[in-house]
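# Coordinates in review
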Amino acid sequence: MLHIDAIHLREINMPLAHPFETSFGMTTSRRILLIELESEGLTSWGECVAGEHPYFSDETIDTAWIITEAELGPRLLDADVERGGSCAKIFGQIRGHRMAKAALENAVWDLEAQVKRVSLSELLGGTRSVIPCGVSIGIQSSIPHLIDKIETELAAGYQRIKLKCKPGWDTNVFEAVRNRWPDITLSCDANSVYRMRDLNCIVDWDRFNLLMIEQPLWWDDFYFHSLLQKRLETPLCLDESIRNRRDALAAIAMESCGIINIKVGRVGGFSEAIGVHNIAEERAVPVWCGGMLETGIGRSHNIALSSLPNFTLPGDVSASSRYWSQDIIEPAVTVNDKGEIVVPTAVGRGFEVQRDRIDALTVRRQTLQAKARVTA
């Protein structure tokens, strides 16, 4: 059993090194919920990727804090926790709140890895010693500014460039980038901003030889994506629509996509992420790991997940310095000149937490204590 003695909730505020713009708007700083578990002298960490507003997801940091404090945390403290995979059952009565659940569950997996003295990657079933990395580039003030950003990322070795797009920042942008770099691996991400009236515009993107078009239509849709995919040669990739392995099965069966983006917070934790990975692998659908502007704690979880065998496409797991002037882990996540991250083999996540920096960034905290155990 994993005996959890206390759960610490912390909100930290971190400014981004550079503003990041998507079809949802501009982000310049993050409010982030961190979870710290205490267990018989060990500590483990999780990160909730819910945003400040319910734009990407119906969750926010504030709803995640409330549900963790009032429902999820007490259940975890009262449960017989055998392993990280136990959490899905422990939290099963609570509908939704997948990002809050993931923060706790991933911390339990981290704890299990420490108890078993293995790396988190090994515990998850990872087989890769390095993972290929891409970058997601937000909407820029001008095309020349975008070209400069892409130059920088290609010089750093990144293997795939993903461009955030929206109506008015799409076809002309792809055209300019392809004219400059005919052969780079290029994709785009719409974050659900297009509608069926835009179908002819999206179909026209076939001429840009994109690796994928990510989530162009409604965030909860399979049907219309299926209709669109039938008109396209370029694979669609679903992100927001895939909440669990059942969604993955439905999307694949309906031919709504040819690629799946797995975000561990979006699907509720490592257990469900592994399930989505396995279903996609069985059906020869490649997957990759998406990013949510995580700190190094969430980024270390993404690295471990990306070591599973069907993560065959470069993900959004990039260097700490792309997002933070100073991260909250050491060493910071770095990418080599081949556009790869080396998967840690040390026990647990493989990165130490900078507790002093976390304390300096903390704006609120709450501790949930386990009840005293009765021993015979």
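One can find the structure itself at the top, above this paragraph.
Residues numbered from 1 in each chain as written. Predicted model: local features only at pLDDT ≥ 70, side-chain atom pairs only at ≥ 80, totals over all residues. Heavy atoms only, no water.

Moving on, we come to the sheet that holds strand S5 (residues 134-137). One open sheet accounts for seven strands, arranged S5-S6-S7-S8-S9-S10-S11; its pairing is parallel. Sheet topology places S5 and strand S11 (287-289) at the edges, where each strand pairs with a single neighbour. Pairing of strand S8 (residues 213-214) with strand S9 (residues 236-238) involves two bridges; the strand directions are parallel. Note that in S9 the partner of Glu 214 across the bridge is Cys 237. (Pairing = 2+ DSSP bridges. Helix = DSSP H or I, 4+ residues; strand = E, 2+ residues; numbered from the N terminus.)

In this section: the packing of aromatic side chains. Evaluation of the coordinates by the stated rule reveals six aromatic pairs. Aromatic pair Phe 174 and Trp 205: ring centres 5.1 Å apart, planes at 90 degrees, arrangement edge-to-face. Of this pair, Phe 174 sits in helix H6 (residues 171-180) while Trp 205 is found in the loop between helix H7 (199-203) and S8, placing the two residues 31 residues apart along the sequence. Assigned by exposure class, Phe 174 and Trp 205 land together as buried. Taken together, a centroid distance of 5.9 Å and an interplanar angle of 70 degrees make the contact between Phe 174 and Phe 208 edge-to-face. With Phe 174 in helix H6 and Phe 208 in the loop between H7 and S8, this pair connects stretches of sequence that are 34 residues apart. A relative accessible area of 1% means that Phe 174 is categorised as buried. According to the relative accessible area criterion, Phe 208 is buried, its value standing at 3%. Through successive ring pairs, a cluster of aromatic residues spans Phe 174, Tyr 194, Trp 205 and Phe 208. When the ring centre of Tyr 323 is taken as origin, the NZ or CZ atom of Arg 322, which lies over that ring, is 5.2 Å away. (Phe/Tyr/Trp six-rings, centres within 6.5 Å; stacked < 30°, edge-to-face > 60°. Buried < 20%, exposed > 50% of the residue type's maximum accessible area, 1.4 Å probe, protein only. Lys NZ or Arg CZ within 6 Å of the ring centre and 35° of its normal.)

Moving on to the nonpolar core. Counting residues in hydrophobic clusters, the biggest one holds 87 residues, and the most contacted among them are Leu 163, Val 177, Trp 205 and Ile 260. Among the elements that make up this core, the one with the highest residue count is helix H11 (residues 270-282) (six residues). Beyond its immediate stretch of four places on either side in the chain, Leu 163 contacts Ile 137, Leu 146, Ile 150, Val 173, Phe 174, Val 177, Leu 186, Ser 187, Cys 188 and Asp 189. If you look at the next biggest cluster of nonpolar residues, it comprises 32 residues, including Ile 4, Leu 33, Ala 50 and Val 108. (Core = buried A, V, L, I, M, F, W, Y, C linked by side-chain atoms within 4.5 Å. Contact = heavy atoms within 4.5 Å.)

Computed from the structure, the largest pocket encloses a volume of approximately 590 Å³. Considering every element that reaches the lining of the largest pocket, the biggest residue donor is strand S2 (residues 25-39), with six residues. Residues that form the lining of the largest pocket fall into these classes: 11 nonpolar, 11 polar and nine charged. Here the second largest pocket is characterised by a volume of approximately 390 Å³. Listing elements by their share of the lining of the second largest pocket, those giving two or more residues are helix H2 (87-90), helix H3 (98-116), helix H9 (245-253) and H11. At three residues, H3 tops the list of elements feeding residues into the lining of the second largest pocket. When grouped by side-chain class, the residues that make up the lining of the second largest pocket number five nonpolar, five polar and eight charged. (1 Å grid on protein atoms, 1.4 Å probe; cavity = no way out; pocket = protein on both sides within 12 Å on 5 of 7 lines; lining within 4 Å. Points joined across faces, edges and corners; volume = space filled by probe spheres on them. Nonpolar A, V, L, I, M, F, W, Y, C, P; charged D, E, K, R; others polar.)

Relative to the helices and strands, Lys 101 resides in helix H3. Overall, Lys 101 belongs to the buried group, its relative accessible area being 12%. Each C-alpha atom, one on Lys 101 and one on Val 267, is 9.3 Å from the other, the two residues being 166 residues apart in sequence. Beyond its immediate sequence surroundings of up to four residues, Lys 101 is in contact with Leu 72, Phe 91, Ile 94, Arg 95, Gly 96 and Gly 268.

For the rest of this paragraph, the subject is the sheet that holds strand S1 (residues 6-22). Spatial ordering of the open sheet is given by S3-S2-S1-S15, a layout of four strands whose pairing is antiparallel. In the strand order of this sheet, the two ends are held by strand S3 (42-48) and strand S15 (362-369), each with one partner. In this sheet, adjacent strand axes meet at a mean angle of 25 degrees when their direction is disregarded. Where S1 meets S2, 13 bridges bridge the pair, whose relative direction is antiparallel. Looking across to S2, one finds that Leu 9 is bridged to Ile 35. Sheet strands in contact with helix H1 (residues 61-78) are S1, S2, S3 and S15, and its direction is about 20 degrees off that of S15. (Axes fitted to C-alpha atoms, helices over the stretch in contact; angles between N-to-C directions.)

Glancing now at the environment of Ala 88. With respect to the helices, strands and loops of the structure, Ala 88 is situated in helix H2. On the basis of relative accessibility, which here comes to 47%, the residue Ala 88 falls in the partly exposed class. Distance in space between the C-alpha atoms of Ala 88 and Leu 76 is 11 Å, their sequence separation being 12 residues.

Interhelical geometry of H1 versus H3 gives an angle of 45 degrees and a closest axis separation of 9 Å. Taken together, the axes of H1 and H3 lie oblique to each other. For the element pair H1 and H3, the recorded crossing hand is right-handed. For the pair H1 and H3, contact is made by Ala 64, Ile 67, Thr 68, Leu 72, Gly 73 and Leu 76 and by Ala 100, Lys 101, Leu 104 and Val 108, respectively. (Parallel < 35°, antiparallel > 145°, perpendicular 65-115°, else oblique. Left-handed = near helix turned anticlockwise from the far one by under 90°.)

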